[in-house]
Amino acid sequence: MSRDDFEIIYLTYYNVLRIFACRIVSDDSAAEDIIQDVFADLWANRKNIDLSESVKPYLYKVTHNRSLDFLKLSENKNIPISYQTDLLEDMLYTTFTAHEELSFDDVEKEILDCVKQLPERCKEVFLLSRHDNLKNREIAEKLEISIKTVEKHISLALSSLNKHLQNRGYRL
Amino acid sequence: MPSELSSPNEHDSLIFKYLEDEVMSVQEKKLLKEWILESKDNENYFRNFAFTWEASNIVLQDENKVKVKLEEFDKKQRRHRNHKLIRLATGSVAAVILLLITLQLFTPYQLIGGGVQTFTTDNNKKEIVLPDGSQVWLNAQSSISYSKNFNKSRKVKLTGEALFDVVKSEGKNFTVETPKILIEVLGTTFLVNDRVDSDIAQTVLESGAVNIKINDSDFNLNIKPNELFEFNSVDGSSILETVNASSYTGWIEDNLSFANIPVNELIIHLEKWYNIDIVCNNSEILDTPVSITIDEEPLEETLFLLSQIIPLTWSEGSGKTIILN
C-alpha cells in the first residue's frame, strides 16, 4: 500500500469510522484517538495489506475492537455489557463490513444529483450536517429553527437519498 | 410546516434517529428492533438505509476538514516513530545505514560560518530533532553537528553512532559526512553508527538506496538493501557482503528482545548495546538460535544468562573486547 493509497483510504473512511467509534464509546475525543490508532495500525501493517481486497471490513473490525477495548479499560464499566449484545449495533456493523468495496465514486454522482433536487432548506440543513459536520443543535441555533425541524430535514434528505439510490440499483 | 417534512416512512425517523446516534428512549429502540425483526424486508430496509447514511457521510464530507485530521495523524506518527522505527526501517521507503569509524582518524570538523549546533553523548543515548523535522538517535560516545543554515543544505557531520530518520524534502539531498566517508540520501531512514575502537568504516543499508563516497578519493558506490559495505582506512581495502541489516539497529530500542535469532546476529546487537567488541572463537555456536530479552542488565549478567542457554565461556580481551569460547 503506497502513501497515496493510504491517504485516499484515510480521507474516505476517517469520518464514518469516527462516528462509528463514537457510537460505541460515547466520547468524541476518545473516538478520535481510537481512529488515529486504527490508521496507525493500518500504516504499520501496510506491507501486509492486500488492496485487491476491501480494506473497509478490516478498518471497521479494528475500530470495533479498539472501541470495545477502550470501554473495557475505561472506568465506566456499565456500558460494555449491554453494548455487546445489541442487535442494532450488530446489524450496523455487519452492514458496514459485509458488502465489499462498493465504489463510492459511482454513488457520489447519484448522491449529488439527489441532493440538488432536495427542497432548498432541506438541502441547506443536510449539507450543514454532512459537509460542515455541525451537530443538530448547532444547526438549529445557526438557522434559528427547532432541533425537531433540523431532524425532520435530515431525515427527509436521508429518506430521499435512500429511495433514489435504491431506484438506481444501489441496494445491498 | 409543509407536509413534505413528515417522514415518508413512519420508521424512517426511528432509523434516522438511531443512525444519527441521537438520544433514543428504551421504548423507541425496542420499537425499532421489533420492526426490524418483523420481516427480512424490514431488515433489508434498515441495512439499505444504513448504507445510504454511510455513503452520504463519505460523499458529502468536507475533505479539507479530514485533511487537517490527516496532518494531525502524521504529526503524531512522527512523535511515536522512535518506537516503531525498526518496523519502519523494514518498509520499502526506508533505508538503514551504519557507519563504523575509527577514533584515531577523527579530526575535529571545521566550524561552518553562521554557527554550529553540536550534540554529544557520553554513556547515554540521545534523541534529537533536526530543524527540518528529521530525527536522530545518537548512541553512546558520539557527536553530531550541523550548521545554522542546515535547512538550505541538509548536511550533518558525525562521529559516533546515530540513527537518522530523514524527512523527504523536494530536491534536497540529506548528507551525512564523517571523517572518512560521505553518505547521500533523499528522504529516508538510515542508521549511522560510529564506534571508537574500530579501524573500519561500515555502512549497512536495510532498504532503499544510498550513495557512498570515500573522502579524498573517486570511490563512489550505490549499495543495495541488506548489503554491508566496509572500508578499511589502514590498508584502503573495501568489502561488500550481504547481512541482516536489522541486526545493526536494535540498540535504539528501550530493550533488546529476540526470538530465535542466530548467535552471530545476537553478537552484533550486543556489540552495539554495550558498546564493545565481541570475538567468538567457537564457530559452532554461531548458528545456534537463541531467544533472549535484555533491559538494563549489565554485560556480565547478560553473558551469564547466555551461558545458561548455550555452551560458552567468556574472558575479557584487550580494550573493550569480550572473547567467547
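Small disclaimer: the values here were computed from a predicted structure and weren't measured. (Residues numbered from 1 in each chain as written. Chains lettered and ligands numbered in written order. Predicted model: local features only at pLDDT ≥ 70, side-chain atom pairs only at ≥ 80, totals over all residues. Heavy atoms only, no water.)

Trainee: Sorry if this is basic, but what is going on with the sheet that holds strand β1 (residues 116–120) of chain B here?
Mentor: For sheets, the rule is that strands pair by backbone hydrogen bonds, running either parallel or antiparallel. Residue and element names in this part refer to chain B. Read from one edge to the other, the open sheet built from 7 strands follows the order β1-β4-β5-β7-β8-β11-β12, with strand pairing classed as mixed. One side of each edge strand has no neighbouring strand; the edge strands of this open sheet are β1 and β12 (220–223). Neighbour-to-neighbour, the strand axes of this sheet turn through a mean angle of 20 degrees, independent of strand direction. Bridging between strand β8 (residues 181–185) and strand β11 (residues 210–214) involves 4 bridges; their strand directions are antiparallel. Opposite E184, over in β11, you have N211 as the bridge partner. (Pairing = 2+ DSSP bridges. Helix = DSSP H or I, 4+ residues; strand = E, 2+ residues; numbered from the N terminus. Axes fitted to C-alpha atoms, helices over the stretch in contact; angles between N-to-C directions.)

Trainee: How should the environment of E43 of chain B be read in this particular structure?
Mentor: Along the chain, the position of E43 of chain B falls in helix α3 (residues 40–60). Owing to a relative accessible area of 14%, E43 of chain B belongs among the buried residues under this scheme. Linking E43 of chain B and K33 of chain B, residues 10 residues apart in sequence, is a C-alpha distance of 9.4 Å. Residues within four places of E43 of chain B in sequence aside, it is in contact with M91 of chain A together with I36 of chain B. (Buried < 20%, exposed > 50% of the residue type's maximum accessible area, 1.4 Å probe, protein only. Contact = heavy atoms within 4.5 Å.)

Trainee: Before we go on, may I ask you to explain the sheet that holds strand β10 (residues 200–205) of chain B in this structure?
Mentor: All names here are of chain B. In space, the 3 strands of this open sheet follow the order β10-β13-β14, with antiparallel pairing throughout. The strands lining the two open edges of the sheet, one partner per strand, are β10 and β14 (238–242). The mean inter-strand angle of the sheet, taken between neighbouring strand axes irrespective of direction, is 15 degrees. Pairing of strand β13 (residues 227–232) with β14 involves 5 bridges; the strand directions are antiparallel. If you follow F229 over to β14, its bridge partner there is L240.

Trainee: Would you take a moment to explain the nonpolar core for this structure?
Mentor: Soluble globular proteins tend to bury their nonpolar side chains together. Among the nonpolar cores identified, the biggest contains 77 residues, and F39 of chain A together with L32 of chain B are the most heavily contacted of them. Residue contributions to this core peak at 14 residues, all from helix α1 (residues 3–25) of chain A. When near neighbours in sequence (up to four residues on either side) are disregarded, L32 of chain B contacts L88 of chain A together with L14, I15, Y18, M24 and F46 of chain B. (Core = buried A, V, L, I, M, F, W, Y, C linked by side-chain atoms within 4.5 Å.)

Trainee: Explain the pattern of salt bridges to me, please; I cannot follow it from the model alone.
Mentor: Two side chains of opposite charge can pair, provided their charged atoms sit close to one another. All names here are of chain B. What the rule picks out here adds up to 23 salt bridges over all chains. With a closest N to O distance of 3.5 Å, K213 and E184 form a salt bridge. Here K213 is found in strand β11, whereas its partner E184 is found in strand β8, with 29 residues between them in sequence. The class for K213 is partly exposed, based on a relative accessible area of 28%. (Salt bridge = Lys/Arg side-chain N within 4 Å of Asp/Glu carboxyl O.)

Trainee: Explain the interface of chain B and chain A to me, please; I cannot follow it from the model alone.
Mentor: Quoted interface sizes are often the accessible area lost when the parts come together. Listed as interface residues are 54 residues of chain B and, on the opposing side, 67 residues of chain A. Across the interface of chain B and chain A, roughly 5700 Å² is buried in total on both sides, 63% from carbon and sulfur atoms. Connecting chain B to chain A are 4 salt bridges. One salt bridge in this structure joins K69 of chain B and E32 of chain A, with 3.0 Å as the shortest N-O distance. For the pair chain B and chain A, the interface holds 18 residue pairs in polar contact (both at pLDDT 80 or more). For the side of chain B that touches chain A, the elements supplying multiple residues, two or more each, are α1 (12–19), α2 (26–38), α3 and α4 (63–89) of chain B. (Buried area = accessible area lost by both parts, 1.4 Å probe. Polar contact = N/O pair within 3.5 Å; in protein donor to acceptor, adjacent residues only side chain to side chain.)

Trainee: It is not clear to me how the packing of aromatic side chains should be interpreted in this structure. Could you clarify?
Mentor: Describing an aromatic ring pair means giving the distance of the ring centres and the angle of the ring planes. Scanning the entire structure with this criterion turns up 19 aromatic pairs over all chains. Geometrically, the ring pair formed by F96 of chain A and W53 of chain B is stacked, given 6.0 Å between the ring centres and 20 degrees between the ring planes. Pair noted here: F96 of chain A is in helix α5 (residues 87–98) and W53 of chain B is in helix α3, and the two residues belong to different chains. The interplanar angle of 90 degrees and the centroid separation of 6.0 Å between the aromatic rings of W35 of chain B and Y45 of chain B together place this pair among those described as edge-to-face. Separated by 10 residues along the polypeptide, W35 of chain B in helix α2 and Y45 of chain B in helix α3 bring together distant segments of the chain. Owing to a relative accessible area of 21%, Y45 of chain B belongs among the partly exposed residues under this scheme. Every member of this aromatic cluster is reached through a ring pair, and the members are F6, Y10, Y14, F39 and W43 of chain A together with F73 of chain B. Sitting over the face of the ring of Y18 of chain B, R23 of chain A holds its NZ or CZ atom 4.6 Å from the ring centroid. (Phe/Tyr/Trp six-rings, centres within 6.5 Å; stacked < 30°, edge-to-face > 60°. Lys NZ or Arg CZ within 6 Å of the ring centre and 35° of its normal.)

Trainee: Please clarify how α1 of chain B should be interpreted in this entry.
Mentor: One turn of an α-helix holds 3.6 residues; hence residues three or four places apart share an orientation. Most of α1 of chain B is tucked away, with 7 of its 8 residues classed as buried. Three or more residues of α1 of chain B are buried, namely D12, L14, I15, F16, K17, Y18 and L19 of chain B. In this structure, the buried residues of α1 of chain B make contact with α1, α5 and α9 (147–167) of chain A together with α2 and α3 of chain B. Of the residues trailing α1 of chain B, D21 of chain B is marked for its positive phi of about 60 degrees.

Trainee: What is the right way to read the side chain of R18 of chain A from this model?
Mentor: All names here are of chain A. Its place among the elements puts R18 in helix α1. For the buried residue R18, which engages in no salt bridge, the nearest side chain bearing the opposite charge is D28, 4.7 Å off. A distance of 2.9 Å separates a polar atom in the side chain of R18 from a polar atom in the side chain of N15. (Lys, Arg positive; Asp, Glu negative; His and termini not counted.)

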